[in-house]
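Results of the structural survey
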Amino acid sequence: FNVKTDAIEFEASLHPLKALKEAAANRGISPQQAIQEKAHSLSDVAVATIIDAGHVKVETKTFSEMAEEFLESCEKGIRTRAVLAPNTVRFYRHKLGLASKTLGTMPVNIIKKFHIQDAIDGLIKDGLSRKTAITTLTSVKTLFGWLLDLGEIPVNPAIGCKVPVTARERDQGL
């Protein structure tokens, strides 16, 4: 137990910007360089932008933005994806577009299971077929699985979501 070290760490936890500036000074670099280094250590989902000396604004990519990156990786075979057939990419684009109507503007790192469930339930309420809802959910699971594989998110929020039985299916006993 070192009182001085613990006090410095405690002080740093209370004043992270001050600690960052001190660490930069100790390393002989500017605070802006230290902030840029810290920004580069963030995941691809969190994109840091320097506003002014010593201040960082962190913006998180939305579902729609990450869906576009996923589709690009499917088309070009980048970021751990194999090149997929054009029809497969069109299929994903359509299904992720349906999900984007509800999830599109949401930052991917805050999307929870209930958000996805609401989006899938909304497809059924809008009169789309259960099969469309199932394939949309599968596409959303694939997108979040890709983000999980890349280390962009800690868990796949689409796991455990279910497609509700439609009234027609319930009436027919399917």
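To start, this report covers the structure provided alongside it.

Cut-offs and rules
- Residues numbered from 1 in each chain as written.
- Predicted model: local features only at pLDDT ≥ 70, side-chain atom pairs only at ≥ 80, totals over all residues.
- Heavy atoms only, no water.
- Salt bridge = Lys/Arg side-chain N within 4 Å of Asp/Glu carboxyl O.
- Helix = DSSP H or I, 4+ residues; strand = E, 2+ residues; numbered from the N terminus.
- Buried < 20%, exposed > 50% of the residue type's maximum accessible area, 1.4 Å probe, protein only.
- Expected span 1.5 Å × (residues − 1).
- Contact = heavy atoms within 4.5 Å.

**Description of the pattern of salt bridges**
Once the charged atoms of two side chains with opposite charge are near each other, the side chains can pair. Within this structure, the stated rule accounts for 4 salt bridges. In this structure, E69 and K61 form a salt bridge, with 2.4 Å as the shortest nitrogen-oxygen distance. Between R93 and E75 there is a salt bridge whose closest N-O contact spans 3.4 Å. Of the two residues, R93 is situated in helix α5 (residues 86-103) and E75 in helix α4 (residues 63-76); the sequence distance between them amounts to 18 residues. Residue classification places E75 among the partly exposed residues on the basis of a relative accessible area of 42%. Each of E68, E75 and R93 takes part in salt bridges that share partners, so that together they form one network.

**Quick notes on helix α6 (residues 113-125)**
Residue pairs spaced three or four apart in an α-helix point in one direction, given the helix's 3.6 residues per turn. Here α6 contains 13 residues, and its C-alpha end-to-end distance of 18 Å stays within 8% of the 18 Å for a straight helix at 1.5 Å per residue. What α6 keeps buried is the set H115, I116, Q117, A119, I120, G122, L123 and I124. Against the buried residues of α6 lie α5 and α7 (130-149). Positive phi appears at G127, one or two residues downstream of α6, with a value of about 90°.

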